There are 2 protein chains.
Amino acid sequence: TIFSAPVRACLLLVVVSVWVQQVDGVWPLPQQLDQSADRNSLSPQRFSFTYGRDSAAQTGCSVLDAAFKRYFSIIFPDFTKGSVSVKTRGCDGYPDEDSDESYNLSVSEGQAVLRSVTVWGALRGLESFSQLVYQDDYGSYFINKTEIVDFPRFAFRGLLLDTSRHYLPLHAILKTLDAMAYSKFNVFHWHIVDDPSFPYQSRTFPDLSNKGAFHPFTHVYTQSDVMRVIEHARMRGIRVIPEFDSPGHTQSWGKGQPNLLTPCYKGDVPSGSFGPVDPTVDTTYKFMESLLKEVKFVFPDSYVHLGGDEVSFACWQSNPNVRTFMEKMGFGKDFTKLESFYMERTSIVWQDVFDYHERIPQDTVLEIWKGETYQAELSRMTKAGHRVLLSAPWYINHISYGQDWRNSYAVQPQNFSGVWSKQKKLVIGGEVAMWGEYVDATNLNPRLWPRACAAAERLWSDEEKTLNADLAFPRLEKFRCELLRRGIQAEPLFVGHCKHEYDGL
Amino acid sequence: TIFSAPVRACLLLVVVSVWVQQVDGVWPLPQQLDQSADRNSLSPQRFSFTYGRDSAAQTGCSVLDAAFKRYFSIIFPDFTKGSVSVKTRGCDGYPDEDSDESYNLSVSEGQAVLRSVTVWGALRGLESFSQLVYQDDYGSYFINKTEIVDFPRFAFRGLLLDTSRHYLPLHAILKTLDAMAYSKFNVFHWHIVDDPSFPYQSRTFPDLSNKGAFHPFTHVYTQSDVMRVIEHARMRGIRVIPEFDSPGHTQSWGKGQPNLLTPCYKGDVPSGSFGPVDPTVDTTYKFMESLLKEVKFVFPDSYVHLGGDEVSFACWQSNPNVRTFMEKMGFGKDFTKLESFYMERTSIVWQDVFDYHERIPQDTVLEIWKGETYQAELSRMTKAGHRVLLSAPWYINHISYGQDWRNSYAVQPQNFSGVWSKQKKLVIGGEVAMWGEYVDATNLNPRLWPRACAAAERLWSDEEKTLNADLAFPRLEKFRCELLRRGIQAEPLFVGHCKHEYDGL
């Protein structure tokens, strides 16, 4: 945490109480929201954001200076000021798993006061504030008298994009980060490489993308691209956790790194195809160590996702060197032991790794992705003392006809058999996953939004206040129109219209 | 048909036969395509389209002059010429159900010759020609020696957009027409009004959109908008068939036209809600006559779609005046007779109308939309001598995860029990329907393309040559990349990439 003293941003409003109008709330729903029918006029000419006198962050705080500018344009699109250059000074840290995102917002006559412990909390409060402002039919801006006490239910509220099965242009990723901030997501899980392509341009091993990307120039993320993503995310209070999935899902790695993958055998001779990373040779570990050293240097987050899912053992089994190694290590014929040997040091891994249960450090976070039995897995893994992330019910690349956001909304991440104090608190959050088999920049946005908003509310808000999808529907409809107004190509929930439609251009 | 003499366009090519390369074909597959491995160089500087000496269409033909310009930019995007204004003179007709769309294309050394009976056939040939040109890795353009004899399997190859459940901005409709022409669709079925909104701005009854549209200014189609759509379609050889669905699906009509809808009753008193159009009063018929007179004036096509589907009889039944009328007419309690009385004079109607079987003129086209039993319906309706359009298996608003285009591709519109000479030829074509419950401009394009291309090939090409979806897959993948290159936001079929990705902007 950067700030020990509370950050406070005072928002000065010109107030004219006029007449009563019911307005809808904030998505995701704040923990406490008291709203009165008294509404106050806002004048874009006289409105300003200012730092509180006792605030530890003052002008020059990169995160909040930029956020003030951003939210001013969102709130008053007709009054966008000219370009103001924000100088980076102070507030230069990154959000992390311990960041306090709580905030209090008090809107009364003449002013609004936003109090938070950290700049990250202030960002969440600014988002809520921007959703409270509305226009009447004459274009005048209003905000109702409001008291909000708010904090996230879970510290980890992630969204996964897959840039290996299809390449996503930088702009599509940045736009997704914008929309994530609107829904108060705070982790971008970048599934950056996989079997089909290796678009990450490594400093240490440039051949990985030179030979493993779909195209070495048009379909890669340069170091500068990666830095832009990380900074764009930081300014919105979003962590970037890269995933370098191994030892499976590494076909594209093999193209630029000879002798990394296990040669598969047909009988006594190599078949010409390759399996997972070869875990029996020193060169593999040296390569992985160098690559991860670079990754940990480039990506500031303390977490790295190391995958470990869906390892096919057939190729390992076919290879005589692997079999010899297994014997030497005393693994017998149990290839799960070989994988757990390989996966020894990690941070987040997919649930598969737990199934091989030896040697997983207690602080490894397990991510649950197998859909059928996720409650049982939650129970079993937290019982073993592991922190878990829930993703299985939020694989929203799986589409179906109609309002499938209701299924996402019905998910209850802590509804499993287990002891509250010991087990349920080990659920640190969840992740919406948009796998890339059928998704690229042509359909990413409408498939993500507003469908991902359902999980965003489940992960942020009080479950008891937000289990009824019918009550959520009109709020989500309104929020979807707001996303459109902000330029996010969010698809409709059902028949109807928005004041600001997407123009199809 | 405008042209009695054949239209011919000679395409002069600079030819340099270099080396052999296999290229893929044209989507939808031409009836006959013979391609040699001999490839010819094309020079954008020296390439030109010219009219054949014996062509009935010459410079000044609006349709082809514009098409030459359009296809030049498509074929050579790096060499797009400055804006050339095309003067409208000759070729000013509209495509219709009898238009001959056949063409022959012969590409040999030095020139390509395109022969067709009509300008509409010439448009289809230009599309095929544009798909045959390709670039090598150095950017040089090539086309292989090719002979194509081509004609559509069905005369009616439609696509339905629904602009009532969600408003689609003009630009989204025009873009859809572009993509339709690329796939050789030739009918835009404009389901322009329905229960939720009435965006058609009528000259005769302006209150219909003033009160029935989502918004009287931002969510309407003016007369000028409609004319732009019709002209944009005409230039691409596409007919525009508007649907004014009644007597059901008319809730929005009632807002601007008092006394049109049937007041529903609860016991002896009106309940305040309204049912279908009231078919028992003269004012209804006078109104419909005036409205349709306008519609037939505004839309040049000889067909109008009059809907007639999903009429709920409960409201009619509740209304004492309707019951009295039924008695007077001797309909007893059979409300289907009341609907068939109302639907007497029509052109295309949904299949429901056939179920009331009295008084349908023999030349009425029936459109089949009920999915479960469409083969049986095809058999039954053609046996009764009606021409039919198949839409049921092509409701592609219904999405599912994965490659659902394969289902569309598997449809066999003439595979039903019936006599070939008498019944099967009564299948005049089919329609892809994109209903609007969950679709607006945010997700229209990626849901339509390339999924609709499967039906496009089924409706154009020889079924025996195109039933295998696995063989079609690489061709469709290539065509999808071509759509991207032309600016159509077509979603991916599976893992992979295109040379020209959608940039996400």
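Conventions and cut-offs
Residues numbered from 1 in each chain as written. Chains lettered and ligands numbered in written order. Predicted model: local features only at pLDDT ≥ 70, side-chain atom pairs only at ≥ 80, totals over all residues. Heavy atoms only, no water. Axes fitted to C-alpha atoms, helices over the stretch in contact; angles between N-to-C directions. Helix = DSSP H or I, 4+ residues; strand = E, 2+ residues; numbered from the N terminus. Parallel < 35°, antiparallel > 145°, perpendicular 65-115°, else oblique. Contact = heavy atoms within 4.5 Å. Nonpolar A, V, L, I, M, F, W, Y, C, P; charged D, E, K, R; others polar. Buried < 20%, exposed > 50% of the residue type's maximum accessible area, 1.4 Å probe, protein only. Salt bridge = Lys/Arg side-chain N within 4 Å of Asp/Glu carboxyl O. Disulfide = S-S within 2.5 Å. Buried area = accessible area lost by both parts, 1.4 Å probe. Domains from an automatic or database assignment. Polar contact = N/O pair within 3.5 Å; in protein donor to acceptor, adjacent residues only side chain to side chain. Phe/Tyr/Trp six-rings, centres within 6.5 Å; stacked < 30°, edge-to-face > 60°. Lys NZ or Arg CZ within 6 Å of the ring centre and 35° of its normal.

Student: Explanation requested: the packing of helix H3 (residues 170-182) of chain B against helix H5 (residues 223-234) of chain B in the structure shown.
Tutor: Helix packing geometry: the angle between the two helix axes and the distance between the axes. All names here are of chain B. For the pair H3 and H5, interaxial distance at closest approach is 10 Å and the crossing angle is 10 degrees. Between H3 and H5, the interaxial angle falls into the category roughly parallel. In contact with Leu170, Ile173, Leu174, Leu177 and Asp178 of H3, H5 contributes Asp225, Arg228, Val229, His232 and Ala233. Residue composition of the contact of H3 with H5, grouped by class: 6 nonpolar, 1 polar and 3 charged.

Student: Hey, could you run me through the side chain of Ser209(B) in this one?
Tutor: Looking at where Ser209(B) falls in the secondary structure, it is placed in helix H4 (residues 207-212). With residues up to four places along the chain from it excluded, the contact list for Ser209(B) reads Phe198(B), Pro199(B), Tyr200(B), Gln201(B), Pro216(B) and Val220(B).

Student: Is there a simple way to think about unusual backbone geometry in this case?
Tutor: For residues that are not glycine, phi is negative in most cases, and the peptide bond is trans in most cases. With omega at -5 degrees, the peptide bond leading from Trp27(A) into Pro28(A) counts as cis. Mapped onto the elements of the fold, Pro28(A) is located in the loop between strand S1 (7-12) and strand S2 (32-42). A cis amide bond, omega 5 degrees, links Trp449(B) with the succeeding residue Pro450(B). Phi at His249(A) takes a positive value of approximately 55 degrees, unusual for a residue other than glycine. Its place among the elements puts His249(A) in the loop between strand S10 (239-246) and helix H6 (251-256). The phi dihedral of Glu310(B) is positive, around 50 degrees, even though this residue is not glycine. Within the secondary structure, Glu310(B) sits in the loop between strand S13 (305-307) and helix H8 (313-318). A relative accessible area of 44% places Glu310(B) in the partly exposed class.

Student: What's the story with the pattern of salt bridges in this structure? I'm lost.
Tutor: Note that side chains of opposite charge can pair when their charged atoms are close. Inspection of the entire model under this criterion finds 42 salt bridges over all chains. Its salt-bridge partner being Glu457(A), residue Arg475(A) comes within 2.8 Å of it at the nearest N-O pair. Here Arg475(A), found in helix H15 (residues 469-485), pairs with Glu457(A), found in helix H14 (residues 451-460); they are 18 residues apart in sequence, far enough to count as distant. For Arg475(A), a relative accessible area of 17% puts it in the buried group. Judged by its relative accessible area of 0%, Glu457(A) is buried. Among the ionic pairs, Asp404(B) bridges to Arg451(B), the shortest N-O distance being 3.1 Å.

Student: Whenever I open this one, the state of the cysteines confuses me. Can you help?
Tutor: Linking two cysteines covalently through their sulfur atoms gives a disulfide. As enumerated under the stated definition, the model contains 4 disulfides over all chains in all. Across a sulfur-sulfur distance of 2.2 Å, Cys264(A) and Cys315(A) are joined as a disulfide pair. The chirality of the disulfide connecting Cys264(A) with Cys315(A) is left-handed, given an S-S dihedral of about -110 degrees. Taken together, the residues Cys264(A) in strand S11 (residues 261-266) and Cys315(A) in helix H8 (residues 313-318) connect sequence positions 51 residues apart. A single burial state applies to Cys264(A) and to Cys315(A), both of which are buried. Counting only cysteine sulfurs, Cys481(B) is the nearest neighbor of Cys453(B), a cysteine outside any disulfide, at a range of 12 Å.

Student: Just checking my understanding: could you explain the interface of chain B and chain A for this structure?
Tutor: Think of interface size as the accessible area that goes away when the parts come together; that is how it is often given. Listed by partner, the interface residues are 41 residues for chain B and 41 residues for chain A. When the area that chain B buries against chain A is broken down by residue, the three leading residues are Tyr401(B), Tyr438(B) and Thr442(B), summing to 22%. In this assembly, chain B and chain A are joined by 4 salt bridges. Between Glu491(B) and Arg447(A) there is a salt bridge, and its shortest N-O distance comes to 3.1 Å. Contributions of two or more residues to the side of chain B that touches chain A are made by helix H13 (444-448) and helix H15 (469-485) of chain B. Across the side of chain B that touches chain A, the residue classes tally to 18 nonpolar, 14 polar and 9 charged.

Student: Could you clarify how one ought to interpret the domain arrangement of chain A in this entry?
Tutor: Residues and elements named next belong to chain A. For chain A, the assigned domains are domain 1 (32-150) and domain 2 (156-486). Per-residue buried area on domain 1 facing domain 2 is highest for Tyr94, Glu97 and Arg124; these three make up 28% of the total on that side. Counting across the interface, domain 1 meets domain 2 through 3 salt bridges. Among the salt bridges present, the one from glutamate 127 reaches arginine 486, with a minimum N-O distance of 3.1 Å. Linking domain 1 with domain 2 are 14 residue pairs in polar contact (both at pLDDT 80 or more). Looking at the side of domain 1 that touches domain 2, the elements that each hand over two or more residues are helix H1 (62-75) and helix H2 (119-132).

Student: Help me understand the packing of aromatic side chains, please; the structure alone is not making it clear to me.
Tutor: How two aromatic rings sit relative to each other is given by the distance of their centres and the angle of their planes. A full pass over the atoms with the stated rule returns 60 aromatic pairs over all chains. Centroid distance Trp405(A) to Phe473(A): 6.5 Å. Interplanar angle 20 degrees. Geometry classified as stacked. Of this pair, Trp405(A) sits in helix H12 (residues 405-409) while Phe473(A) sits in helix H15; the two residues are 68 residues apart in sequence, bridging distant segments of the chain. On the accessibility criterion, Phe473(A) (17% relative accessible area) is buried. Centre to centre, the rings of Tyr438(A) and Tyr401(B) are 5.2 Å apart; their planes meet at 85 degrees, and the pair counts as edge-to-face. Separated into two different chains, Tyr438(A) in the loop between strand S17 (427-434) and helix H13 (444-448) and Tyr401(B) in the loop between strand S16 (387-390) and helix H12 (405-410) make up a pair that spans both. What makes Tyr401(B) partly exposed here is its relative accessible area of 31%. The ring of Tyr94(A) has Arg234(A) sitting right over it, with the charged end atom 5.8 Å from the ring centre.

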